[in-house]
Amino acid sequence: MKDHIDAVESNNPGGEEELQRLLAPDVDSLPLSPPSAVQSNFVSYFAPDFMKPGHDQYVYRHANGLCVIGLAPSHVAFKDKVGVTAVDFNVGKTDRSGIKVTGKRKKVFRIGELRCLAGQRFKEAMLLLICGSNARHFESNSALCKVCTNDASYIVRCCVKGNLLEVNDRLIKQPGLLNSSADREGYIAIIMPKPADWLKIKASLIDIEEYKKLKEVC
Amino acid sequence: MLNETGDTRVINDCEAAATAAKVSFSDDARRMIPGEEDMRILSDAASKVSPEAVKDLLSLGICIGCVFRLSWVRGHIFSRPSILLSIFNPVIGEPTDSSTHRPTRIEENKDPGSVHSSQVSECEPVICSICLGVLQFTYFDDQKMLVKKDSADELAATIANLVKKEGHEFDDFSLEVSIPSVITENENVVLFYMKKKYGSEQWFQEKTQSERISAKDALKLSLCSPLEKLLGVKSSVSSTFRIRLTYAPPGASRKNQNITEKRQECKRRKTGAENSFSTVHGSLIYGIECSEVTTSKADAGIRKPSDGLEDHENSDCFKFLLEKVNQPCHLEFHCYRTHIYIGGRYLKYSRNVSQTRWYIDDERMGEASVEIIGSNILPMCLCDNYKFHAAGREDINVRMLGSGRPFLVEIQNSRHVPSEALLKEIEVKINNLENKLVMVKNLKLVGSHGWSLMQEGEEEKQKQYAALVWIDRPLTDEDIEAISSSKDMQILQRTPIRVLHRRSPLEREKIIHWMKIEKIAGSSQYFLLHLCTQAGTYIKEFVHGDLGRTHPRPEESRHQLSFDVGDLFLVQKVDATN
């Protein structure tokens, strides 16, 4: 480690002190507890009782328009002592975890060129072929996945109409992420809505202050 | 061919022509009027050509310069066509076809005593069927006026005046000439004819392996020395200052594209021509059809493909093929300096300055951009515009500290090459701007190799950063030790959410070479994280995890810390690997 520091010094004589000075923050002006990355980069919205009572979900909207969907802390699944034990993406017509949006956004796949990789499920392959943008258009009430506790299972829905860009497939192997950090590593999916669609759905969402009041969550 | 009286008469005529035409020759240029040495060169050249061939070609409407070129004569003889003609005067005598030729304008200015020259010049066509006047120094200028110069010297004088008007400073120059492709096509037609007619003659066969000088090179050769004398500097291929002459065939230059295309079409359609005269006629008609379709001025000198020329050609038929040309090319003159690169390193002290000018929906993002470097260089170098290139980039809210980021400013058409002193002045000026947002170091001229240095800099190097980080519990010594001991940690980064809307979703593997925690006095939860990473790593996401989408490879068991980024600084290390 020392030689790296030396390397900087020898190439930047006298500059090292200057650098230290520039880097050192003004401690007194630092807040005791700074906002988290999520808090700084997203605006939090909530969809309480989405389609069913107790199915509380969040929608974190980034400045660039992307929406991260997940389970709000007051979701009925968390009422269970043990919490979430499994996550299943095989809902609706296709297995959502098969969605892998590749880099080639503009490529149009043709049914005639369908190739299944060994072991790949036919349904997943079909999903990849379906539309030109290689990302699936979903309605707000489309199912994303099913979260299971010991006793029950609950459907998680998109909440926002748009292109489904990503699902958090880590949840398959690590469903506990929902219990420990549903608002971060336990996110469910990322959706890109069109501006008009966002405005429509935004009207039915509530902000964090309203949510806290509503659900008496601190 | 050549006799003593011919020599003296030539010299007298030239001097008379000079005074009569009242060309503003400098004393140096006057010495270009052939002295003994030049006459020796000329007579040597003259001995290489066949007088019959010369007469024949002249009668076909080809200028004397092109006649000599096609006879494999090279060297500095193309500057004054009138001299070349006068060599042949005794042989040529009366003009054969007065309808094709008429006295050139300059004759009107001559003294009666040099009526001899006027007879000579009458042999030459007004506009050459091959070079369209290029080697006759005849052209339409940008005012669409017909201009005829007597010699390369005169044309050089006009060019030199135009150059001086542009106000460039230069130590050398490079002359570029562009002539229309139709000239080469015309030449091929004539070469084919010559081969058919003279191929069996000795003078032709002796030379057939040598190379002929092209019209373009002949022009450049004749213009180079006078330009050097008039501009006072040498010509050099590597010069950044370019003088460009562009000849366009008569008729709108835009139509030129159509003409070439149609000609290509004609060529394509003419496949496998049979050995018959009728085919020649057929293609001749085709050629005319093509020309009429594309432009109203059929005297654009459109040539037929030489595919159609077969054994039966004689010079009568040939005259059909070489249409009479009565309009020269348009000459466009342009001088400019090619790109010059100024390189250096920049530092960015502001968290509100983007690297390049950035607008979203007409709204300016950030209060300035690093391109103010370029906008400060522009007026000092008197150039037309600039392009800013940097080796890598940083976000608008990330500072660039340490030794700085390499950049190149490409300036276009500067009126002079900036000196070291001027660059120093620019550096001082930028560094003393009021708001001190950006600083530059080591500003200097770089050659084209600077470009490859930049690209290397982007891809291969390791980058060093410093991030202000906060954790939700006091820092322990174990934390510090765990961080310091991790070397070359492999991480996987999915495309960060903050750029996912405009970048392809990919998973990238990156390496964090080393990390070091620097405690901050007065706080147990804030600290500086110094790290050195592979180029292209998203630092913010590495620190805060991006909802778990950036993480160490699962195989790596690392001491897990939960960090939130409070702030991010950027430091550039001078590479120990270089």
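Residues numbered from 1 in each chain as written. Chains lettered and ligands numbered in written order. Predicted model: local features only at pLDDT ≥ 70, side-chain atom pairs only at ≥ 80, totals over all residues. Heavy atoms only, no water.

Trainee: Could you clarify how one ought to interpret the overall build of chain B in this entry?
Mentor: When helices and strands are tallied, chain B shows 20 helices and 20 strands. The buried share among the 578 residues of chain B stands at 52%. Considering only intrachain contacts with a sequence separation of at least 6, the fraction spanning at least 24 residues in chain B is 77%. With the model as given, the accessible surface of chain B reaches about 27,200 Å², and the carbon-plus-sulfur share is 48%. (Helix = DSSP H or I, 4+ residues; strand = E, 2+ residues; numbered from the N terminus. Buried < 20%, exposed > 50% of the residue type's maximum accessible area, 1.4 Å probe, protein only. Contact = heavy atoms within 4.5 Å. Areas by Shrake-Rupley, 256 points an atom, 1.4 Å probe, with all protein chains shown as cover.)

Trainee: I tried to follow the packing of aromatic side chains on my own but got confused; where do I start?
Mentor: Summed over all chains, the structure comprises 9 aromatic pairs over all chains. Centroid distance phenylalanine 42 of chain A to tyrosine 60 of chain A: 6.3 Å. Interplanar angle 45°. Geometry classified as tilted. Here phenylalanine 42 of chain A is found in strand E1 (residues 42–47), whereas its partner tyrosine 60 of chain A is found in strand E2 (residues 57–62), with 18 residues between them in sequence. Here tyrosine 346 of chain B and phenylalanine 388 of chain B contribute two aromatic rings whose centre-to-centre distance is 6.2 Å and whose plane-to-plane angle is 50°, an arrangement assigned as tilted. In this pair, tyrosine 346 of chain B is assigned in strand E7 (residues 340–348) and phenylalanine 388 of chain B in strand E12 (residues 385–390), connecting sequence segments 42 residues apart. The pair tyrosine 346 of chain B / phenylalanine 388 of chain B is uniform in exposure class, with both members buried. The ring of tryptophan 72 of chain B carries the charged tip of arginine 212 of chain B above its face, separated from the ring centre by 4.0 Å. (Phe/Tyr/Trp six-rings, centres within 6.5 Å; stacked < 30°, edge-to-face > 60°. Lys NZ or Arg CZ within 6 Å of the ring centre and 35° of its normal.)

Trainee: What exactly am I supposed to notice about the confidence of the model for chain A here?
Mentor: Interpreting fine coordinate detail is not advised for predicted regions of low pLDDT. Residues and elements named next belong to chain A. Within chain A, residue pLDDT values average 77, and 74% of them lie at 70 or more. Between residues 1–12, whose pLDDT stays under 50, and residues either more than four places distant or in other chains, the model counts 17 contacts. Per-residue pLDDT stays below 50 along residues 104–134; that stretch engages in 43 contacts with residues further than four places along the chain or on separate chains. (pLDDT = per-residue confidence, 0-100.)

Trainee: How should the sheet that holds E1 of chain A be read in this particular structure?
Mentor: Each strand in a sheet pairs with its neighbour through backbone hydrogen bonds, running either in the same direction (parallel) or in the opposite one (antiparallel). All names here are of chain A. Across the sheet, which stays open at both edges, the 7 strands sit in the order E7-E10-E11-E3-E2-E1-E12 with antiparallel pairing between neighbours. Both edges of this open sheet fall to strand E7 (136–138) and strand E12 (206–207), since each of them pairs with a single strand only. Alignment of E7 against strand E10 (residues 162–167), held across 3 bridges, turns out to be antiparallel. Bridging across to E10, histidine 137 finds its partner in asparagine 163. (Pairing = 2+ DSSP bridges.)

Trainee: Is there a simple way to think about the pairing of strand E16 (residues 489–494) of chain B in this case?
Mentor: Residue and element names in this part refer to chain B. Within E16, 5 of the 6 residues are buried, which leaves it mostly tucked inside the rest of the structure. Sheet topology places E16 next to strand E17 (residues 507–519); 6 bridges connect them, and they run antiparallel. Paired with leucine 492 across the strands is glutamate 509, a residue of E17. Judged from the 3 bridges that link them, E16 and strand E19 (residues 550–552) form a sheet pairing that is antiparallel. Residue pairing in the sheet places isoleucine 491 in a bridge with proline 552 of E19.

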